[in-house]
Amino acid sequence: MTQTLSEPLFHGAEWDFAMLQRLHDACEEIALGELGLDVYPTRIEVITTEQMIDAYASIGMPLFYKHWSFGKHFTQHEALYRRGMRGLAYEIVINSSPCICFLMEDNTATMQTLVIAHAAFGHNHFFKNNYLFRQWTDAKGILGYLNFAKSYVAYCEERHGHARVERTLDAAHALMSHSVDRYPGKKKLDLRAEEERERRRRDHAERSYNDLWRTVPAGPGKNTTELTADRRRALLGLPQENILYFLEKTAPRLEPWQRELLRIVRHIAQYFYPQGQTKVMNEGTATYVHYRIMTRLHELGAIDDGAFMEFLQSHTNVIFQPAWDDPRFSGFNPYALGFAMMRDIERIVTNPEDEDRAWFPDIAGTGDAMAVLRDIWANYRDESFVSQFLSPRLMRELRMFQVHDDPGDAEGVRVEAIQNERGYQRIRRQLSRSYDVGWNEPNIEIVDVNLMGDRRLVLHHNVINGSLLAEADATRVLQHLADLWGYDVLLREIDSTETVLREHACNPRPVLLPPV
Amino acid sequence: MQILDRRLNPGGKSLENRQRFLRRAKAVIQRAVRDSSQDRNIPDILQGGEISIPPDGLGEPRFRSGPGGIQDAVLPGNRTYSEGDYIPRPEGGSGGQGSGAGQGGGDAEDAFRFMLTREEFLDLFLEDLELPDLAKRRLADVEREGVRRAGYTVSGSPVNLAVTQTMRLAMARRIALRRPRIQEVEQLEAELADCTDEPHRVTLQAEIDRLRTRMRRIPYIDPIDIRFRRFETVPRPIAQAVMFCLMDVSGSMSEHMKDLAKRFYMLLYIFLTKRYRHVEIVFIRHTDRAEEVDEETFFRSPATGGTLVSSALEAMQRIVRERYRPEDWNIYAAQASDGDNAYGDSEMTASLLTNAILPVSQYFAYLEVGEAGQHDNPAMPNSALWGVYERLRSEGHFLAMRKVSDRSEIYPVFRDLFQRRREAKAVA
């Protein structure tokens, strides 16, 4: 196995395009040949600092519709960057096919190798194989869809004015995080068809327009008042947690183009949904892959010792995990945790101890680490990954402990469990729970509306552990919701015993909708 | 695998988003710009720079959990604790903040700081300002010429070929001259191929030949069809304006007053050079004699002496007569002084103003500078010049007058004087 290349791939820091090709080919050989990865075709794009900040501002996507908030983020990033308060990422990678990796032009040759290994192979493999991405995102269609979104927003602005489009998008963005389908069951999104669908709908409306319909007298309205509350809710598909979906389908006064905008924002939220659930795994995979590839390249003599030292330096920066009482601490570093767990799994598979055999009978000592890891990458998300594969040994290494902060307890924050026999299970369960979107994100759903009556929209926030919504933000989001809905909106925060803890109510402002 | 070099792509992709952001936050940013320009030097203002604005109105709210409630968290780096230990909450931290658990981020309610470019800064800084009553427009020198479409021409450069027009003319000509259509010929040829009747074949052949000859004779596109788009240059009327800056530099002006006056003129200078390409500026400074000076001298060189305001007005009158015919020029004047004037000069000043200056000027602004706090004191009598101007005003002459005694008042007063006015002109 250890054949040595006669010549390193590069010397020094300079790189050129022919070299990028060679670097990519060298990484590819190891990634596909030795690690057995399965990736989308890659497209490497070399960009400047400014373009990188641009990409940051539009959530990493190469094209996006225009909105002031992206300008705000751009300005923010730029200011931080200019004052030297923040460095930039070395790369951005996009879950699309072909998989686009942005490389910064001022990376050194070593960094370019690292980034290619990390993004073009690590992330790329994860995007292509992980079940969440396969289930929820359409890698082939996303760029085309964003292009459609961009031109559709521009078209709306031209036709309906900047202000109204901007306000609609503001409102939609506020509700974006609560507008994803969390459970599969619907058919997979086909983003190409989305664009086609919109065009056909509009064509049909134009073709079949007949002014005479306006003059047809409306018959006596169907008497639907005797619908029971349950039946009424069932007809509307309530309770519904996908707020924008509900508005798009049900809001009485939105115009067609506004519905389409809500749909666009909702689709984009859905596209990013898996990324939020797989931070640890996604970054862990990429870090593990780049580590394997770089080490192997060094073994083969394809990169020299100096370059390898440079790599190790930035690698250790990436996987640095400060302790909880360190001023730099801000939660678990997904790179660090993911990488540590995957290295640990490798160890369990190839060189287990008795404890590992007891905890992981299925994988301990099976010998083929890559097969086990590939299976994990394909079939888990952060929450299930941690709850299945966090080993006692790693908990000891990271000195994990669980704290319980009850405001009612005057003594302070209680240490619930530490890294010992009694604590392993509890720590693991708690850590896994902290990656569960069901626990992290406030659980809000639309529960009732009487379309025949006052049309007031009622939402419930199911409060967990007494954690109420941040009030100022909640009110503002609710205002946006009321503006879109066009009638009053009421949000109740209820606990598990159905006790109402707090209520927020909002009346619509006449900013979005045409007058009745 | 593909490698693309995107570096040469046009930059400024988020420029439009940035402009949208600036537009959205305009009110706040404008306030910040004006606040920040108060304690800056003029050259710094020209550089643009960093401003900070409060984040309200720019928030992107989300439903998220607030503080409070029972929090559980797993943390790394336990060195000393055993199960059941208590970690005291830090002083002042309430609820879940103490553990630092999973509370990353928190509310970023800090002011939002960012850079404005020079252009953005000046645009916001000078917005809404304009020279009042810029009424006289005339065809000036060659400089301002526009190009506009002017029909079609038969000669021109290939880039200006008007394809549609050319094809339209060609078609008209083909129809008028009855050029046979190619389909007709093809139809006849097909008929000929199928035809077995010899005499009929001959007639068909003759007909085809005739049509073909005719087609050759009448070309599809003839040079006489070709048209080019024609452009012509048109002179545009422009408004020419001249601004007279009259400054008192006599001995009675203290350093503080001179500083105020200079700041005022600096603002005026920035405003005019930035906003109007066709404004000339004449600097006149006076003691008991007036002289026309260049910008550098006006702002930087010291001078001292007695005070004769009329000398400056005379100089202005002379310059207007020599160089700026009132029929062609919009004439403006801004005068800064501490209000002192030699005894006996007041009448001269008043008559010069009423007879010579005001009739030709569109706008005359007078700025009286004083020692710090001086103008707040109601017991202080009005200065000599203020009195004279006040009288002229009450007689119905149009004069704008303001007092300034502190640096921070300069900008508001300046805005006040050159604010865009919607209401009808109240000129005498």
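These notes cover the structure that comes with them. (Residues numbered from 1 in each chain as written. Chains lettered and ligands numbered in written order. Predicted model: local features only at pLDDT ≥ 70, side-chain atom pairs only at ≥ 80, totals over all residues. Heavy atoms only, no water.)

Counting secondary structure elements, chain B contains 13 helices and 15 strands. Looking at the 428 residues of chain B, the share that counts as buried comes to 42%. Here the analysis covers contacts within chain B between residues at least 6 apart in sequence; of these, 81% occur between residues at least 24 apart. On chain B, roughly 22,800 Å² of surface is accessible, and the fraction owed to carbon and sulfur atoms is 50%. (Helix = DSSP H or I, 4+ residues; strand = E, 2+ residues; numbered from the N terminus. Buried < 20%, exposed > 50% of the residue type's maximum accessible area, 1.4 Å probe, protein only. Contact = heavy atoms within 4.5 Å. Areas by Shrake-Rupley, 256 points an atom, 1.4 Å probe, with all protein chains shown as cover.)

Bringing the overall build of chain A into the picture now. In terms of helices and strands, chain A carries 21 helices and 9 strands. Considering chain A as a whole, with its 516 residues, one finds that 56% of them fall into the buried category. At a minimum sequence separation of 6, the contacts of chain A that also span at least 24 residues come to 73%. As presented, chain A carries roughly 22,900 Å² of accessible surface, and 50% of it is formed by carbon and sulfur atoms.

The relative placement of two packed helices comes down to the angle between their axes together with the axis-to-axis distance. Residues and elements named next belong to chain B. Running from N to C, helix α6 (residues 182–194) and helix α7 (residues 198–217) cross one another at 160°; their axes reach a closest spacing of 10 Å. Looking at the two axes, α6 sits roughly antiparallel to α7. Considering the relative orientation of α6 and α7, their crossing is left-handed. Where α6 approaches α7, its residues I182, E184, V185, L188, E189, E191 and L192 are matched on the opposing element by H200, R201, L204, Q205, E207, I208, L211, R212 and M215. Across the contact of α6 with α7, the residue classes break down as 8 nonpolar, 2 polar and 6 charged. (Axes fitted to C-alpha atoms, helices over the stretch in contact; angles between N-to-C directions. Parallel < 35°, antiparallel > 145°, perpendicular 65-115°, else oblique. Left-handed = near helix turned anticlockwise from the far one by under 90°. Nonpolar A, V, L, I, M, F, W, Y, C, P; charged D, E, K, R; others polar.)

This part is about the packing of aromatic side chains. Following the criterion strictly, the structure yields 28 aromatic pairs over all chains and no others. Ring centres 5.1 Å apart and planes at 85° place the aromatic pair Y271 of chain A and F272 of chain A in the edge-to-face group. A centroid spacing of 5.2 Å and a plane angle of 70° characterise the contact between Y291 of chain A and F339 of chain A, whose relative ring orientation is edge-to-face. Taken together, the positions of Y291 of chain A in helix α12 (residues 279–299) and F339 of chain A in helix α14 (residues 334–350) put the pair 48 residues apart, joining distant regions of the chain. For F339 of chain A, a relative accessible area of 8% gives the class buried. One residue, R253 of chain A, lies across the ring of Y487 of chain A, its end atom 5.6 Å from the ring centre. Here the basic side chain of R174 of chain B rests over the ring of Y220 of chain B, its NZ or CZ set 3.8 Å away from the ring centre. (Phe/Tyr/Trp six-rings, centres within 6.5 Å; stacked < 30°, edge-to-face > 60°. Lys NZ or Arg CZ within 6 Å of the ring centre and 35° of its normal.)

What follows covers the sheet that holds strand β15 (residues 400–404) of chain B. As a general point, the strands of a sheet are linked pairwise by backbone hydrogen bonds and lie either parallel or antiparallel. Residue and element names in this part refer to chain B. Taken in spatial order, the 6 strands of this open sheet run β12-β11-β10-β13-β14-β15, and their pairing is mixed. The open sheet has two edge strands, β12 (290–293) and β15, and neither has a second partner. The sheet shows a mean angle of 20° between the axes of neighbouring strands, direction not considered. Note that strand β10 (residues 241–248) and strand β13 (residues 330–337) share 7 bridges and pair parallel. Bridge pairing links M243 to Y332 in β13. Against the sheet, helix α13 (residues 407–418) engages β10, β14 (361–369) and β15, with an angle of about 175° to β15. (Pairing = 2+ DSSP bridges.)

This brings us to the interface of chain A and chain B. It is common to report an interface's size as the accessible area lost on association of the parts. Taken together, the contacts link 89 residues of chain A with 59 residues of chain B. Taken over both partners, the interface formed by chain A and chain B buries close to 7,200 Å², and the fraction arising from carbon and sulfur atoms is 55%. A per-residue breakdown of the area chain A buries against chain B is headed by W68, W324 and D405 of chain A, which together make up 10% of the total. On inspection of chain A and its partner chain B, the count reaches 9 salt bridges. Across the pair R422 of chain A and E83 of chain B runs a salt bridge whose closest N-O atoms are separated by 2.6 Å. Linking chain A to chain B there are 37 residue pairs in polar contact (both at pLDDT 80 or more). No other element matches the 12 residues that helix α3 (residues 68–82) of chain A contributes to the side of chain A that touches chain B. For the side of chain A that touches chain B, the class distribution of residues is 39 nonpolar, 26 polar and 24 charged. In this structure, strand β1 (residues 42–47) of chain A lies alongside strand β1 (residues 2–5) of chain B, joined through 4 bridges in parallel fashion. (Buried area = accessible area lost by both parts, 1.4 Å probe. Salt bridge = Lys/Arg side-chain N within 4 Å of Asp/Glu carboxyl O. Polar contact = N/O pair within 3.5 Å; in protein donor to acceptor, adjacent residues only side chain to side chain.)

Let us look at the packing of helix α1 (residues 17–34) of chain A against α12 of chain A. Residue and element names in this part refer to chain A. Axis separation between α1 and α12 bottoms out at 10 Å; the angle between their running directions is 115°. Taken together, the axes of α1 and α12 lie roughly perpendicular to each other. For the pair α1 and α12, the sense of crossing is right-handed. Along its contact with α1, which presents A26, C27, I30, A31 and E34, the element α12 presents I293, R296 and L297. Tallied by class, residues from the contact of α1 with α12 come to 6 nonpolar, no polar and 2 charged.

So, on to the pattern of salt bridges. Should the charged atoms of two oppositely charged side chains come close, the side chains can pair. Taken as a whole and judged by the stated rule, the model has 44 salt bridges over all chains. As a salt-bridge pair, E390 of chain B and R393 of chain B come within 4.0 Å of each other at their nearest N and O atoms. Note that E390 of chain B and R393 of chain B are positioned in helix α12 (residues 384–394) at a spacing of 3 residues, about one turn of the helix. Of the residues examined, R393 of chain B reaches a relative accessible area of 38% and is grouped as partly exposed. Each of E248, K249, R263 and R266 of chain A takes part in a single network of salt bridges with overlapping partners.

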